[in-house]
Amino acid sequence: MSHWGWVALAYGVTYGSLAAFAASIAIRIRKTRTTLGENQ
Amino acid sequence: MTAQTRTRRWPWAASALSLLGAFTLAMVSPADSVQGDLVRIMYVHVPAAWLAYLAFAVTFVGSIAYLVARRLSWDRIAAASAEIGVYFTGLTIALGMIWGKSTWGVWWTWDARLTLTAIMFFVYLGYLALRRTTDDPIARANRAAVLGIVGAVQIPLVHFSVVWWRGLHQPPSIIRPDGPAIQDSMMLVALFVGVVAFTVVYVSLMVKRIELMHLDDRLDAAERAGDQPVAGEAVTAPNLGGSA
């Protein structure tokens, strides 16, 4: 793989996992608020 | 969009903006004379490692503060920070493996830095598992605080492992006795902005994770209240004649 290929893999892992981690927290907050009967 | 919604979304907006700035600088900074463009992996690998240290240091402080003040809010801070620290440690290891394969030719080697980082990852996974062994918030906070304090011993061990033991991993780039190894000012700026951006992300994740913990506590309280029949639903509370 070229240097830029490795760089793209590293940044894909970083930004992809950050987005997934943040989304998991945001979804759990939304679900819990819904269960508590709070509107978004 | 209501003002309340805007308030709830500021951490995500701040994170996205800071990461965009860090990404731009990492891409426009010069290539390294030895590693070429592979040096750009440093701008995410090093900040991820630093944020892992910071997160576990906050867990350490939160654990001590809980044992001193006995306030569960400190325990929540320690727990939220440990969870985010585990994420950043996992990210550090993954990025290190990518960098290792592209420069050393191997995904993994039993170098002191790599081994100790993996141990730190599993110890804090254990911290999170320990928190799930009981529903009693006081017992949970007490047990977790002990591991949160003891586990912090690993932070200097991991950081200085490349100084104390010879291995494949390079020595520290910034905090070293003879000054930073990176001489190019643009590279230093890109690395600094990367650390700042990841710190903004860490703070945002902390704000949201603690918000979720508060919501979970309210949900637990509501469920507990729902499980127990309230006398007032069926009967009128007797007047015992006492003054209110």
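Residues numbered from 1 in each chain as written. Chains lettered and ligands numbered in written order. Predicted model: local features only at pLDDT ≥ 70, side-chain atom pairs only at ≥ 80, totals over all residues. Heavy atoms only, no water.

**Brief notes about the overall build of chain B**
Here is step 1: When its secondary structure is counted, chain B shows eight helices and zero strands.
Here is step 2: Tracing chain B from N to C terminus, the helices and strands come up as α-α-α-α-α-α-α-α.
Here is step 3: The buried share of chain B, reckoned over its 244 residues, is 43%.
Here is step 4: Taking as baseline every contact in chain B between residues at least 6 positions apart, the subset at least 24 positions apart corresponds to 74%. (Helix = DSSP H or I, 4+ residues; strand = E, 2+ residues; numbered from the N terminus. Buried < 20%, exposed > 50% of the residue type's maximum accessible area, 1.4 Å probe, protein only. Contact = heavy atoms within 4.5 Å.)

**Let's talk about a nonpolar patch on the surface**
Here is step 1: A contiguous nonpolar surface patch, about 430 Å² in accessible area, is contributed by Phe160, Val163, Trp164 and Trp165 of chain B.
Here is step 2: Here Trp164 of chain B shows up in helix 6 (residues 154-164). (Patch = residues over 30% accessible without salt bridge, like charges linked within 9 Å, V, L, I, M, F, W, Y side chains within 5 Å. Areas by Shrake-Rupley, 256 points an atom, 1.4 Å probe, with all protein chains shown as cover. Salt bridge = Lys/Arg side-chain N within 4 Å of Asp/Glu carboxyl O.)

**Some points on the environment of Ala112 of chain B**
Residue and element names in this part refer to chain B.
Here is step 1: Relative to the helices and strands, Ala112 is located in helix 4 (residues 112-130).
Here is step 2: The class for Ala112 is partly exposed, based on a relative accessible area of 24%.
Here is step 3: The spatial distance from the C-alpha of Ala112 to the C-alpha of Gly167 is 6.5 Å, given a sequence separation of 55 residues.
Here is step 4: Beyond its immediate chain neighbours, meaning those up to four positions away, Ala112 contacts Ser161 and Trp165.

**Some points on the packing of aromatic side chains**
Here is step 1: For the structure shown, the criterion picks out 14 aromatic pairs over all chains.
Here is step 2: Judged by centre distance (6.0 Å) and plane angle (40°), the ring pair of Phe88 of chain B and Phe198 of chain B falls under tilted. Residue Phe88 of chain B is located in helix 3 (residues 72-103), and its partner Phe198 of chain B is located in helix 7 (residues 185-227); the two are separated by 110 residues in the primary sequence. You'll find Phe88 of chain B and Phe198 of chain B in the same group, each marked buried.
Here is step 3: Their ring planes at 85° and their centres at 6.1 Å tell us that Trp164 of chain B and Trp165 of chain B sit as a pair that is edge-to-face.
Here is step 4: Three or more aromatic residues joined by ring pairs make a cluster, and in this case those are Phe21 of chain A together with Tyr87, Phe88 and Phe198 of chain B. (Phe/Tyr/Trp six-rings, centres within 6.5 Å; stacked < 30°, edge-to-face > 60°.)

**A look at the interface of chain B and chain A**
Here is step 1: In this complex, chain B contributes 37 residues to the contact, which on the side of chain A involves 26 residues.
Here is step 2: Both sides together, the interface formed by chain B and chain A hides about 2900 Å², and carbon and sulfur atoms give 74% of it.
Here is step 3: At the surface where chain B touches chain A, the tally comes to one salt bridge.
Here is step 4: Glu211 of chain B is the partner of Arg33 of chain A in a salt bridge, and the nearest nitrogen-oxygen pair spans 2.6 Å.
Here is step 5: Taken together, chain B and chain A are joined by six residue pairs in polar contact (both at pLDDT 80 or more).
Here is step 6: At eleven residues, helix 7 of chain B tops the list of elements feeding residues into the side of chain B that touches chain A.
Here is step 7: Among the residues forming the side of chain B that touches chain A, the class breakdown is 22 nonpolar, four polar and eleven charged. (Buried area = accessible area lost by both parts, 1.4 Å probe. Polar contact = N/O pair within 3.5 Å; in protein donor to acceptor, adjacent residues only side chain to side chain. Nonpolar A, V, L, I, M, F, W, Y, C, P; charged D, E, K, R; others polar.)

**Some words on the environment of Arg30 of chain A**
Residues and elements named next belong to chain A.
Here is step 1: Topologically, Arg30 is positioned in helix 1 (residues 3-35).
Here is step 2: Judged by its relative accessible area of 43%, Arg30 is partly exposed.
Here is step 3: Separated by 14 residues in sequence, Arg30 and Gly16 have C-alpha atoms that sit 21 Å apart.

**Structural notes on the layout of surface pockets**
All names here are of chain B.
Here is step 1: Space inside the largest pocket adds up to approximately 780 Å³.
Here is step 2: For the largest pocket, the lining is made up of 19 residues, of which Arg131, Arg140, Asp216, Asp217 and Asp220 are closest to its centre.
Here is step 3: Of all the secondary structure elements, the ones that give two or more residues to the lining of the largest pocket are helix 3, helix 5 (137-150) and helix 7.
Here is step 4: Examining the composition of the lining of the largest pocket, we find that six residues originate from one element, helix 7, more than from any other.
Here is step 5: For the lining of the largest pocket, a count of residues per class yields five nonpolar, one polar and 13 charged.
Here is step 6: The calculated volume of the second largest pocket comes to roughly 600 Å³.
Here is step 7: Around the second largest pocket, the lining is made up of 32 residues, and of these His45, Val46, Trp99, Arg113 and His169 lie nearest the centre.
Here is step 8: Among the secondary structure elements, those contributing two or more residues to the lining of the second largest pocket are helix 2 (42-69), helix 3, helix 4 and helix 6.
Here is step 9: If you tally residues by element for the lining of the second largest pocket, the top one is helix 3, at eight residues.
Here is step 10: The residue makeup of the lining of the second largest pocket, split by class, is 19 nonpolar, twelve polar and one charged. (1 Å grid on protein atoms, 1.4 Å probe; cavity = no way out; pocket = protein on both sides within 12 Å on 5 of 7 lines; lining within 4 Å. Points joined across faces, edges and corners; volume = space filled by probe spheres on them.)

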